[in-house]
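# Structural overview for review
Each chain, letter by letter, is given below.
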Amino acid sequence: MQKTALIPYAHLPRAHHYRHVLTSTVDVFGAAHWLLAERAPQRGGDVAPFDALVVSVHPGGDVELTELSAVRARWPHLDRLPDGGFVVATSRTRRYEDADQVQVFDALGRETSSFSVGDAIEHLLVDEAGHIWVGHFDENPEGIRRWSPTGRLTWTSDDAHIPGLYDCYALNVSGTAAWACPYTDFPLVEIRPDRPDRPVTVRANRVRGAKAVAVHGERVAFYGGYREERDRLARGELTETSVEPTDVGLLTLPDGPAPGHRRVVSRGSRIYVQAEPFTAWGVFDLSS
């Protein structure tokens with residue numbers, strides 16, 4: 001089976017390796033961000049608000065540091081807003097965390113607003129216009145929704161007629177559009193809320209269980225799957241109504257082995273993968 005190696009993309013500067021990586025992401029403009037704390041969170045009980053550091057590595061290699069005050073999320077999601085601020089959210093709405101589930105910070109690290117988007121966040125990705133896209137896992141039937149940075153709901157999949165939308169396995173946000181591949185039917189869903197005539201296009205798809213998706217023109221790639229297909233890289237071509245498979249291979253780390261425990265972020269034609277100890281991102285680019 002053909003193997004495709006990730007290309008090294010961004011590294012957490014070694015000076016920050018002594019801190020605990022709470023989470024990490026790559027934003028819509030290609031900058032990599034790490035949310036760091038002095039120690040790992042403890043399981044159980046409420047977490048007291050704590051200060052955290054965001055280390056940002058821009059595509060040109062410049063490093064930026066942002067200190068966030070009074071973070072409340074124990075197991076957070078992170079992304080950057082176009083104005084330089086950050087969004088931090090806890091995936092579960094339990095105890096006091098419900099109303100304050102999503103925290104929005106300005107470019108100086110000060111909290112400016114907080115709100116809830118609902119339990120069971122699987123993906124949280126910000127687009128170029130500052131909309132916050134949220135896909136939920138199967139403990140919340142809300143599906144896929146888009147929010148403003150002040151907590152206003154601006155789009156919902158409720159009336160989109162997406163078949164079998166119980167768990168948003170894969171979500172790709174690029175520009176102001178989104179692509180999703182949800183459980184149980186795993187269609188490839190193209191979402192363009194600003195296109196009034198056809199905001200949602202659903203294409204039938206035979207690739208099951210992918211955790212990331214990349215799209216470039218009429219080509220698509222799915223990464224991940226169940227059990228022995230965990231490292232699968234399946235490619236296809238788009239038609240008006242379906243995804244037609246073209247080939248299947250494996251995606252590996254730059255030095256050859258499979259990633260193992262990892263994070264993935266989908267952005268346009270790119271799939272970013274970060275393996276333990278979560279200090280480096282690699283990239284697969286479908287447009288290359």
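To start, this report covers the structure provided alongside it. This structure is a prediction, so every number in the text was calculated from the model and none was measured.

Turning to the nonpolar core, a few remarks are in order. Among the nonpolar cores identified, the biggest contains 30 residues, and Trp34, Trp133, Ile144, Leu171 and Ile191 are the most heavily contacted of them. Counting only elements with at least two residues in this core, the list comes to β3 (20-26), β4 (32-37), β5 (50-57), β15 (167-174), β16 (177-183), β17 (188-191) and β25 (280-285). Those residues in contact with Ile191 that sit more than four places away from it in its chain are Trp133, Ile144, Trp155, Ala177, Ala178, Pro199 and Val200. In this structure, Tyr169, Cys181, Ala210 and Val215 belong to the second largest nonpolar core, which totals 15 residues.

As a further point, take the sheet that holds strand β6 (residues 63-71). Read from one edge of the open sheet, four strands run β3-β4-β5-β6, paired in antiparallel fashion. In this open sheet, the two strands that pair with only one neighbour each are β3 and β6. Strand-to-strand, the axes of this sheet are offset by a mean angle of 20 degrees, without reference to chain direction. In this structure, β5 lies alongside β6, joined through seven bridges in antiparallel fashion. Counterpart to Leu53 in the pairing with β6 is Glu67.

Moving on to the pairing of strand β8 (residues 86-90). Counting buried positions along β8 gives five out of five residues, so the element sits mostly inside the fold. Neither face of β8 is left uncovered, since the one carrying Phe86, Val88 and Thr90 and the one carrying Val87 and Ala89 both have all their residues buried. Where strand β7 (residues 76-80) lies against β8, five bridges are found, and the strand directions are antiparallel. Following the sheet pairing, Arg80 is matched in β8 by Phe86. Between β7 and β8, which pair antiparallel in sequence order, lie five residues; one of them, Gly84, sits at a positive phi of approximately 95 degrees.

What counts as what
- Residues numbered from 1 in each chain as written.
- Predicted model: local features only at pLDDT ≥ 70, side-chain atom pairs only at ≥ 80, totals over all residues.
- Heavy atoms only, no water.
- Core = buried A, V, L, I, M, F, W, Y, C linked by side-chain atoms within 4.5 Å.
- Buried < 20%, exposed > 50% of the residue type's maximum accessible area, 1.4 Å probe, protein only.
- Helix = DSSP H or I, 4+ residues; strand = E, 2+ residues; numbered from the N terminus.
- Contact = heavy atoms within 4.5 Å.
- Pairing = 2+ DSSP bridges.
- Axes fitted to C-alpha atoms, helices over the stretch in contact; angles between N-to-C directions.

Everything listed here is a matter of geometry and, on its own, says nothing about what the molecule does.
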